[in-house]
Protein chains: 2
Amino acid sequence: MNDAGDDLDRMLAPDEARGIVLANVRPLEPEVVPIDVAGERYLVDGLIADVSLPPFPAATMDGFAVIHNDPAPSRTILGAGFAGDSPSVTVTPGAAAPIMTGAPVPAGADAVVPVENTARGDGFVEIRQARVSSGENIRPIGADLRQGDLLVPAGTRLGPAEIGLLASLGHAQVRVGRVPRVAVISTGNELVAPDARPGPGQIRDSNRFSLAVAARRAGAEVVVNRHILDDDGALREGIAAAVELADVVVTSGGVSMGDRDLVKALLGDMATVHFRRLFMKPGKPLNFATAGETLLFGLPGNPVSCLVGFHMFVRPALQVMQHAPPDPNPAVPVTIAHDIAPGDRIEYQRAVVYAGADGRLRARNTGNQISARLMSFVGSNAYLIVPPATEIYRSGAQLSAILLGPPAPAPDDRNR
Amino acid sequence: MNDAGDDLDRMLAPDEARGIVLANVRPLEPEVVPIDVAGERYLVDGLIADVSLPPFPAATMDGFAVIHNDPAPSRTILGAGFAGDSPSVTVTPGAAAPIMTGAPVPAGADAVVPVENTARGDGFVEIRQARVSSGENIRPIGADLRQGDLLVPAGTRLGPAEIGLLASLGHAQVRVGRVPRVAVISTGNELVAPDARPGPGQIRDSNRFSLAVAARRAGAEVVVNRHILDDDGALREGIAAAVELADVVVTSGGVSMGDRDLVKALLGDMATVHFRRLFMKPGKPLNFATAGETLLFGLPGNPVSCLVGFHMFVRPALQVMQHAPPDPNPAVPVTIAHDIAPGDRIEYQRAVVYAGADGRLRARNTGNQISARLMSFVGSNAYLIVPPATEIYRSGAQLSAILLGPPAPAPDDRNR
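Below is a short write-up of the structure. Throughout this description, residue numbers start from 1 for each chain and increase along the sequence as written. To read the labels, note that chains go from A and ligands from 1, taken in the order they are written. Whole-chain, interface and lining totals are the exception, using all residues; otherwise, since this is a predicted model, local features are given only for residues with pLDDT of at least 70 and side-chain atom pairs are given and counted only at 80 or more. To get the side-chain values, take all heavy atoms of the structure and skip hydrogens and water.

1. Concerning the overall build of chain A
Secondary structure elements follow DSSP: runs of H or I no shorter than four residues count as helices, runs of E no shorter than two count as strands, and numbering proceeds from the N terminus. Helix and strand content of chain A: 7 helices and 27 strands. Radius of gyration means the value over C-alpha atoms here, while the globule rule gives 2.2 Å times the residue count to the 0.38 power. For chain A, the C-alpha radius of gyration of 30 Å lies well beyond 22 Å, the compact-globule estimate for 416 residues. C-alpha atoms of chain A, sized along the principal axes, occupy 95 × 50 × 40 Å. The buried share of chain A, taken over its 416 residues, is 57%. Taking all contacts inside chain A whose residues are at least 6 apart in sequence as the whole, residues at least 24 apart take part in 71%. Each accessible area is a Shrake-Rupley result for a 1.4 Å probe, and residues are judged covered by the shown protein chains and nothing else. Element-wise, carbon and sulfur atoms account for 50% of the exposed surface of chain A, whose accessible area totals about 16,100 Å². All tallies of charge rest on Lys and Arg as positive and Asp and Glu as negative; His and the ends of each chain are not included. Charge coordinates come from a single atom per side chain, which is NZ of Lys, CZ of Arg, CG of Asp or CD of Glu. Distance between charge centres in chain A, computed from 37 positive and 45 negative side chains, equals 6 Å. Burial classes: relative accessible area under 20% of the type maximum marks a residue as buried, over 50% as exposed, and values in between as partly exposed (1.4 Å probe, protein chains only). Contacts are assigned to residue pairs with any non-hydrogen atoms lying within 4.5 Å of each other.

2. Thoughts on the environment of alanine 410 of chain B
All names here are of chain B. Within the secondary structure, alanine 410 sits in the loop between strand 27 (398-403) and helix 7 (411-415). Expressed as a C-alpha distance, the spacing of alanine 410 and methionine 61, which sit 349 residues apart in the sequence, is 40 Å. Excluding its chain neighbours within four sequence positions, the residues that come into contact with alanine 410 are Tyr354 and Ala355.

3. Quick look at the interface of chain A and chain B
Opposite the 95 residues of chain A that make contact, chain B presents 95 residues. Two parts placed together each lose some accessible area under a 1.4 Å probe, and adding up what both lose gives the buried area. Taken together, both faces of the contact between chain A and chain B bury some 7,400 Å²; the carbon and sulfur share is 61%. Salt-bridge detection follows one rule: a side-chain nitrogen of Lys or Arg within 4 Å of a carboxyl oxygen of Asp or Glu. Scanning the region where chain A abuts chain B turns up 4 salt bridges. The closest approach of N and O atoms between glutamate 116 of chain B and lysine 284 of chain A, which form a salt bridge, is 3.5 Å. Counting of polar contacts relies on pairs of N or O atoms within 3.5 Å, with two restrictions inside protein: one atom must be capable of donating a hydrogen and the other of accepting it, and residues adjacent in sequence are counted only when both atoms are side-chain atoms. At the junction of chain A with chain B, the criterion picks out 13 residue pairs in polar contact (both at pLDDT 80 or more). Counting only elements with at least two residues in the side of chain A that touches chain B, the list comes to strand 12 (150-152), helix 2 (160-168), strand 16 (203-204), helix 3 (207-217), strand 23 (332-336) and strand 27 (398-403) of chain A. Here the element with the most residues in the side of chain A that touches chain B is helix 2 of chain A; it accounts for 8 residues. Side-chain classes follow a simple rule in which Ala, Val, Leu, Ile, Met, Phe, Trp, Tyr, Cys and Pro form the nonpolar group, Asp, Glu, Lys and Arg form the charged group, and the remainder, Gly included, forms the polar group. When its residues are assigned to classes, the side of chain A that touches chain B shows 47 nonpolar, 25 polar and 23 charged.

4. Looking at the pattern of salt bridges
All names here are of chain A. Summed over the entire model, instances satisfying the criterion amount to 38 salt bridges over all chains. Linking aspartate 247 and arginine 178 is a salt bridge whose minimum nitrogen-to-oxygen distance equals 3.0 Å. With aspartate 247 in the loop between helix 4 (232-245) and strand 18 (248-252) and arginine 178 in the loop between strand 13 (173-177) and strand 14 (181-187), the pair connects residues that are 69 residues apart, well separated along the chain. Each member of the pair aspartate 247 and arginine 178 is classed as buried. Across the pair aspartate 344 and arginine 345 runs a salt bridge, and its minimum N-O distance is 4.0 Å. By relative accessible area, aspartate 344 is classed as exposed at 58%. In this structure arginine 345 comes out as buried when scored by relative accessible area, which is 18%. Through salt bridges with shared partners, one network takes in Glu29, Arg178 and Asp247.

5. A word on the packing of aromatic side chains
Residues and elements named next belong to chain A. Two aromatic rings from Phe, Tyr or Trp, using only the six-membered ring of Trp, form a pair when their centres are within 6.5 Å; if the ring planes differ by under 30 degrees the pair is stacked, by over 60 it is edge-to-face, and anything between is tilted. Scanning the model with the defined rule gives 8 aromatic pairs over all chains in all. Ring geometry for phenylalanine 288 and phenylalanine 297: centres 5.0 Å apart, planes at 35 degrees, overall tilted. On the basis of relative accessibility, which here comes to 0%, the residue phenylalanine 288 falls in the buried class. Linked through ring pairs, Phe275, Phe288, Phe297 and Phe313 together constitute an aromatic cluster.

6. Quick notes on the relation of the copies chain A and chain B
Rotating chain A by 180 degrees and translating it 0.0 Å along the rotation axis places it on chain B, where the RMSD comes to 0.1 Å. Viewed as a symmetry operation, the transformation between the two copies matches a two-fold axis. Within chain A, the C-alpha atom positioned nearest to the axis of rotation is that of arginine 360 of chain A, 2.0 Å from it. When you check the interface residues of chain A against chain B, 100% turn up at the interface there too, and the contact is symmetric in its surfaces. To line up the copies, we fit them by least squares on C-alpha atoms, keeping just the residues with pLDDT of at least 70 in both.

7. Topic: the sheet that holds strand 7 (residues 95-99) of chain A
Residue and element names in this part refer to chain A. Pairing is mixed in the open sheet, where 6 strands are placed in the order 8-5-7-6-10-9. Lying at the two open borders of the sheet, with one neighbouring strand each, are strand 8 (111-114) and strand 9 (118-120). Within the sheet, the average angular offset between the axes of one strand and its neighbour, ignoring direction, is 35 degrees. Strand pairing requires that DSSP identify at least two bridges connecting the strands. Here 2 bridges tie strand 6 (residues 74-77) to strand 7, and the two strands are oriented parallel to one another. Bridging from a neighbouring strand, threonine 76 pairs with alanine 95 of strand 7. Every axis corresponds to a line fitted to the C-alpha atoms, with the helix fit spanning only the stretch in contact, and the corresponding angles, defined between N-to-C directions, vary from 0 to 180 degrees.

8. What about the sheet that holds strand 6 (residues 74-77) of chain B?
Residues and elements named next belong to chain B. Read from one edge of the open sheet, 6 strands run 8-5-7-6-10-9, paired in mixed fashion. For this open sheet the edge positions go to strand 8 (111-114) and strand 9 (118-120), each flanked by a neighbour on one side alone. Adjacent strand axes in the sheet meet at a mean angle of 35 degrees when their direction is disregarded. Strand direction decides the pairing type here: strand 6 and strand 10 (residues 124-127), joined by 3 bridges, are antiparallel. Counted as the bridge partner of serine 74 is glutamate 126 from strand 10.

9. Section: the side chain of asparagine 207 of chain A
All names here are of chain A. The topology assignment puts asparagine 207 in helix 3. When its relative accessible area of 6% is taken as the criterion, asparagine 207 is described as buried. Within the local environment of asparagine 207, its side chain forms a polar contact with the side chain of serine 252, the two groups lying 3.3 Å apart. Leave out the neighbours within four places in its chain, and asparagine 207 touches Ser252, Pro300, Gly301, Asn302, Pro303 and Cys306.

10. Description of the side chain of arginine 18 of chain A
Following the sequence through the fold, arginine 18 of chain A ends up in helix 1 (residues 14-23). Setting aside residues up to four positions removed in sequence, arginine 18 of chain A forms contacts with Met312, Phe313, Pro316 and Asp327 of chain A.

11. Quick word on the pairing of strand 26 (residues 382-386) of chain A
Consecutive side chains of a regular strand alternate in pointing toward one face of the sheet and then the other. All names here are of chain A. Counting buried residues in strand 26 gives 5 out of 5 residues, a clear majority hidden from the surface. Burial of the side chains of strand 26 extends over both faces: Ala382, Leu384 and Val386 are buried on one face and Tyr383 and Ile385 on the other. Pairing between strand 26 and strand 27: 4 bridges, direction antiparallel. What sits directly across from alanine 382, in strand 27, is leucine 403.

12. Details of unusual backbone geometry
Put simply, lysine 281 of chain A and proline 282 of chain A share a cis peptide bond, and its omega is -5 degrees. Notably, histidine 323 of chain A is not glycine yet its phi reads approximately 75 degrees, a positive angle. At asparagine 137 of chain B, a residue that is not glycine, the phi angle is positive and equals roughly 60 degrees. The residue asparagine 137 of chain B is located in the loop between strand 10 and strand 11 (138-139) in this model.

13. Thoughts on the pairing of strand 18 (residues 248-252) of chain B
Taken across its 5 residues, strand 18 of chain B has 5 buried, putting it largely inside the fold. Along strand 18 of chain B, one buried face is formed by Val248, Val250 and Ser252 of chain B and the opposite face, lined by Val249 and Thr251 of chain B, is buried too.

So this is what it looks like as structure tokens:
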């Protein structure tokens, strides 16, 4: 089956292909989980404040709650007033209540004098601060957040602070996107297990191990991770079983133009194929198909093409499935730190992006960008986007890059 | 116990305090794990190539292996020559061998002509490419990596590419740092569970939930996660049990200067205290102690101070325990996009760092930086470092920032 007639071998621009992937992906059904295990998941509904925090005026320092313009140099100490106790006392002129950071300021008081600026005697305290302002060291009601505010937008990944906010607002459970189930299958007669010694013409299987890490990093659970030989029956059975179990099936190999490229043929047979070829480098052959709600990505067998294809097409789909934006970090402008030769297709070079002394982002590629060279990823933190052109991009030119993490240390720093 | 006499309440600069933490932390014993589960762990030994890859000259395109300067326009097709089969044929003048991407180039051939530039007949193939260069579309032996090369330095986090490299080099198992065990304890009588309604002067417990996410994000396993009331016996027992189970014990609350700051007192009693106060904002009171091999961090109870303290001091320790560098991403220069008022202590403001149209990193803080306001983290991707000063830092001034992820989309983009 295919939905594009004989046009499936047309080379698509990556953006067009991404549009097709995103048009075919839907957020998975949400689930409710305790906040203990909700870290790194994505929020389905925006979090609205249903109370103001702090709910009471709170001390921001350990010290004494006082009346700011009380002229008495020495004050009678009232009650206990520790954090956690009710603020049962009322501060009157000539009096002060000991108070701890975070505790409610007792009635009557309108400032807190830090303990460092006081001297405690027996039943009294001397205020040794020349001037006390109204509201000093007090966090008013609603200073942290106000009832009705949108605190965390839908689609936010729940990190430490978001989980803390949920807890402080009484959300012991939270609705998050379900974790996508991913099946990873490497194909090819030439592949042997990592602990085997490759014979002539053989190489060790690596893509399914890389893809599993990439899938988990993208928030998915890997439910199938296997190698299948180039055998029509075995592949058909393996892919069908994976479609049953997984939300996304990712294969590597078997999608180029050779006679034995079985995956390509099988996807056409078992699913609706949406595209097969991309106008990009690396990763020209990349099949995308759907079977019911399951997405199938036939990635190329070259290790780099395989991972670039995963990042550009599979990861955004996994993001959307989890109720997250497809690309939280779009490309940013960077200055290239050396000449770069473009090709005839848009190229995603593995690169190191760092901030120069002027705070400007600079990029160096990681050397030889051949599509089998996984080494080009090591130490990289970005994809440098090199548009097709007829002239070399000169050092100092501006291109753009997709960063996968923080900018790297500047090269000079690394040599220290 | 303490190792600094009466000097423990001296305020340390954050860098000095970090130095003390790092001097007291050692990498945990390594463990050997299968590569299936080694993703995101840190490599203990540098990975050296013990073979060259590819081990044979390999085709980079599907097509026909030929002799580049063979004048014959039409060539006899030899053997089968699919990827995974032995390259048993020898290409002679007038002949060509079909070949798939990644397959060994058969003897005799010195170029591969892509299938697009050929026309296949019955037993012969026409080469429709004007000029074929020697070595064209062939990846020579060692193009990907050379025997003896340092491929992945010790201390590298194993991402998709590194795991793929390990697999392709025959490392079915790998030595990585053990996962640190972290105990998280929140303290304070004022805390109630997230699903409880706080009474007067009470707030919901949130720090232990935040800290657990932060610890997992830093690569640790959380083995204890509980709240303990301000009771000397309960706290003593709880901390002692945590020290038994964990490599790192992190508490929140009970470390400021109030009467009931029991954690501070207990750490002094049960462990060797190295420092108690920092010249930074937020996070002034922060206790660091050791008990045998276990590190204890008494973080402040204010939610923001607590997370900033975790990031600046606990996270580097967890990195080192895992055989990783303490700070893979040091501060980078940024231009501030609005005026910022400094204080009298170095301040770590939660900020959004984005790249402007010129590729220069710009920073905006997230508004009110009060230390109880977890909201200041939401949407942030950086700590902006604001050194103490007497004059306001004006918009356009250069400061530095520690990024926690890629630069954010520029504000204009976010409004589209």
